[in-house]
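# Remarks on the overall topology
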Amino acid sequence: MDMKAAPRLALALAGLLATTAPSLAAECGGDLQAFLDGVKAEAIAAGSSPDAATQALAGAVIDQKVLSRDRAQGVFKQTFLEFSQRTVSQGRLDIGRQKMKQYADVFARAEQEFGIPSGVITAFWAMETDFGAVQGDFNTRNALVTLSHDCRRPELFRPQLLALIKMVEHGDLDPSTNTGAWAGEIGQVQMLPKDIIAYGVDGDGDGHINVKKSSPDAVLTAAKFIQSLGFQRGQPWLQEVTVPENLPWEKTGFDSGMKAGDWFALGVKPRNGDTSNAGLEGELLLPQGRKGPAFMAYPNFNIYLEWNQSFIYTTSAAYFATRLMGAEPYLKGNPEPGISDTEMKALQTKLQQKGYDVGKIDGILGGGTRMAIQKEQLRLGLPADGWPTPAFVAAF
């Protein structure tokens, strides 16, 4: 997975888990066998066979490397230009287009049945595992046992462990050998067991759903999952635009309440000249401020935010998908210099002291920090594009 297991997991699970077993807090930690016995009993009560529960949990151990990863999650501090140019490489584009051709029938089915364009799925396929080449080497069963047993977030991981037992019962996973990401995600597009149970599609017709080894299964399961996130058939997700010198910069970013046509009327221009989606809601995204790349995000962009919380990852993945569908490389522009990690943490601290919700003081330019910067830029009479520059820090 590309630098973002934790954000993806946090958002995906927050949306999927509606209930929490009241006994989880009491059961976390403590004797491992007693914990496993409790999971087995819960799985059987939920309809899993006793044999499957026994097979799935037999030999389970706590993986200290998983706990280490969970405690020391890497933070996402690259700029959009840095990350997107690394991930949306020419090599990946070439392989992606070859995969789209190789599995043309599968992608045609994905679009026909679920309304998801091939580029959208292929971009995730590339960014998550390099088309299946790097799927993770953590034992999935042990990872989920470890994170369910741990007292930090048992309510998030225990339902995934129960779903894994269902996968074992269906004959779709060998608990002793299956590997994946440290947080329990599996397969070529890195999906959680509960998602696989809910949205799994047997793409190759062998009677099983194997998102790890079968590309057709992985592609169609991803398509069905993306559909469940709200992707609207036939609508765009991201479009590169150019911007004039003066705009109401404080309305850029999310929740502007504007339509794409409102932006077009202000002088924002699609690079490909297509203004046919003027009636859709449109958010003007400026990953590195008004002097860097600029994009119009349409309602379908929301599925990227459901997939991952990182603004840089989501914008890069959406841009990658447009490239696979024929868009030109973006204009890099000439972004103003940003600030250092130390300066960002100091800025977040000052914003927090002023009453802004910037989340954790981590040096990451996330959504809360961007919104706070915009408000302060507006107060100071600066272009409120949400990009922290040395000049802004000095004025602030």
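Residues numbered from 1 in each chain as written. Predicted model: local features only at pLDDT ≥ 70, side-chain atom pairs only at ≥ 80, totals over all residues. Heavy atoms only, no water.

## A few points about the overall build of the protein chain
Scanning the protein chain for helices and strands turns up 19 helices and 6 strands. Its C-alpha atoms give the protein chain a radius of gyration of 22 Å, near enough to 21 Å, the size a compact globule of 396 residues would have. Taken over 396 residues, the protein chain has a buried fraction of 52%. Computed over 38 positive and 44 negative side-chain charges, the separation of the two mean positions in the protein chain equals 5 Å. (Helix = DSSP H or I, 4+ residues; strand = E, 2+ residues; numbered from the N terminus. Rg over C-alpha atoms; globule rule 2.2 N^0.38 Å. Buried < 20%, exposed > 50% of the residue type's maximum accessible area, 1.4 Å probe, protein only. Lys, Arg positive; Asp, Glu negative; His and termini not counted. Charge placed at Lys NZ, Arg CZ, Asp CG, Glu CD.)

## A closer look at the side chain of Lys99
With respect to the secondary-structure elements, Lys99 resides in helix 7 (residues 90-102). Here Lys99 occupies a buried position and makes no salt bridge, while the nearest side chain of opposite charge, Asp130, is found at 10 Å. Among all residues touching Lys99, those that are not within four sequence positions of it are Phe107, Trp125 and Phe131. (Salt bridge = Lys/Arg side-chain N within 4 Å of Asp/Glu carboxyl O. Contact = heavy atoms within 4.5 Å.)

## A short note on the UniProt feature "domain: Peptidoglycan binding-like" (unreviewed entry) in the protein chain
Per the UniProt annotation, the sites labelled "domain: Peptidoglycan binding-like" (unreviewed entry) are residues 341-395. Helix makes up 58% of residues 341-395 and strand 0%, and the two end C-alpha atoms of the span are 18 Å apart. (UniProt positions renumbered as here; feature names shortened; annotations may be inferred.)

## Focus on helix 7
Note that an α-helix has 3.6 residues per turn; residues three or four places apart therefore point the same way. Between the first and last C-alpha of helix 7 there are 18 Å, a value that for 13 residues agrees with the 18 Å anticipated at 1.5 Å per step. Those residues of helix 7 that sit buried are Arg92, Leu93, Gly96, Lys99 and Met100. The buried side chains of helix 7 occupy one side of the element, clustering within an arc of 125° when seen end-on. Looking at the buried side of helix 7, the elements it contacts are helix 6 (80-87), helix 8 (104-114), helix 9 (118-129) and helix 16 (311-324). (Expected span 1.5 Å × (residues − 1). Arc of directions from axis to C-beta.)

## Points about the environment of Thr179
Inspection of the secondary structure puts Thr179 in strand 2 (residues 179-180). Classification of Thr179 by relative accessible area gives partly exposed; the value is 22%. Expressed as a C-alpha distance, the spacing of Thr179 and Arg141, which sit 38 residues apart in the sequence, is 8.3 Å. Each residue touching Thr179, except ones within four places of it in the same chain, is listed here: Gly136, Asp137, Phe138, Asn139, Thr140 and Lys212.

## Here's the deal with the packing of aromatic side chains
Going through the model one piece at a time under the given rule, you end up with 18 aromatic pairs. Plain terms: the ring middles of Phe83 and Tyr313 are 6.4 Å apart, the flat faces sit at 45° to each other, and that makes the pair tilted. Taken together, the residues span a long stretch of sequence, with Phe83 in helix 6 and Tyr313 in helix 16 at a distance of 230 residues. Each member of the pair, Phe83 together with Tyr313, is buried. (Phe/Tyr/Trp six-rings, centres within 6.5 Å; stacked < 30°, edge-to-face > 60°.)

## Brief notes about the pairing of strand 3 (residues 238-242)
Across the 5 residues of strand 3, 4 count as buried, placing the element largely inside the fold. Of the strand pairs in this sheet, strand 3 and strand 6 (residues 295-297) are connected by 3 bridges, and their pairing is antiparallel. Each bridged residue has a counterpart across the sheet, and for Leu238 the counterpart in strand 6 is Ala297. (Pairing = 2+ DSSP bridges.)

## What to know about helix 10 (residues 140-149)
With 10 of 10 residues buried, helix 10 is to be regarded as a mostly interior element. Residues of helix 10 that are buried include every one of Thr140, Arg141, Asn142, Ala143, Leu144, Val145, Thr146, Leu147, Ser148 and His149, and no others.

## Thoughts on the state of the cysteines
The full count for this structure, using the stated rule, is 1 disulfide. Each sulfur in the disulfide pair Cys28 and Cys151 lies 2.1 Å from the other. What sets the handedness of the Cys28 and Cys151 disulfide is the S-S torsion sign, and at about 100° it is right-handed. Placement of the pair is Cys28 in the loop between helix 2 (24-27) and helix 3 (32-45) and Cys151 in the loop between helix 10 and helix 11 (154-169), with a sequence separation of 123 residues. Classification of Cys151 by relative accessible area gives partly exposed; the value is 44%. (Disulfide = S-S within 2.5 Å.)

## A closer look at the packing of helix 9 against helix 16
Interaxial distance between helix 9 and helix 16 falls to 8 Å at its minimum, and their mutual angle equals 125°. By the angle class used here, helix 9 and helix 16 are oblique. The way helix 9 lies across helix 16 gives a crossing that is right-handed. Two secondary-structure elements touch here, helix 9 through Gly119, Val120, Thr122, Ala123, Phe124, Ala126, Met127 and Glu128 and helix 16 through Tyr313, Ser316, Ala317, Phe320, Ala321 and Leu324. Residue composition of the contact of helix 9 with helix 16, grouped by class: 10 nonpolar, 3 polar and 1 charged. (Axes fitted to C-alpha atoms, helices over the stretch in contact; angles between N-to-C directions. Parallel < 35°, antiparallel > 145°, perpendicular 65-115°, else oblique. Left-handed = near helix turned anticlockwise from the far one by under 90°. Nonpolar A, V, L, I, M, F, W, Y, C, P; charged D, E, K, R; others polar.)

## Quick word on the confidence of the model for the protein chain
Taken over all residues, the pLDDT of the protein chain has a mean of 92, while the share at 70 or more is 92%. pLDDT under 50 marks residues 1-22. Its contacts with residues more than four places away, or in other chains, come to 57 contacts. (pLDDT = per-residue confidence, 0-100.)

## Here we look at the sheet that holds strand 3
Spatially, the 4 strands line up as an open sheet ordered 4-3-6-5, and their pairing is antiparallel. Whereas interior strands pair on both sides, the edge strands pair on one side only; in this sheet they are strand 4 (269-270) and strand 5 (283-285). Alignment of strand 3 against strand 4, held across 2 bridges, turns out to be antiparallel. Among the inter-strand pairings, Val241 is bridged to a residue of strand 4, identified as Pro270. On top of the sheet, helix 16 reaches strand 3, strand 5 and strand 6; it is set at about 95° to strand 3, its chief contact.

## With respect to the nonpolar core
One finds Val120, Ile121, Phe124, Ile226, Leu238 and Tyr304 to be the most contacted residues of the largest nonpolar core, which totals 79 residues. With 9 residues, helix 16 is the largest single contributor of residues to this core. Here Val120 is in contact with Ile226, Phe231, Trp237, Ile303, Tyr304 and Ala321, once residues within four sequence places are set aside. (Core = buried A, V, L, I, M, F, W, Y, C linked by side-chain atoms within 4.5 Å.)

## Details of the pattern of salt bridges
If you walk through the whole model with that rule in mind, you get 13 salt bridges. Here Lys166 ties to Glu169 by a salt bridge, and the two come within 3.6 Å at their closest N and O atoms. Note that Lys166 and Glu169 are positioned in helix 11 at a spacing of 3 residues, about one turn of the helix. When salt bridges with common partners are traced through the structure, they connect Asp70, Arg71, Asp150, Arg152 and Arg153 into a single cluster.

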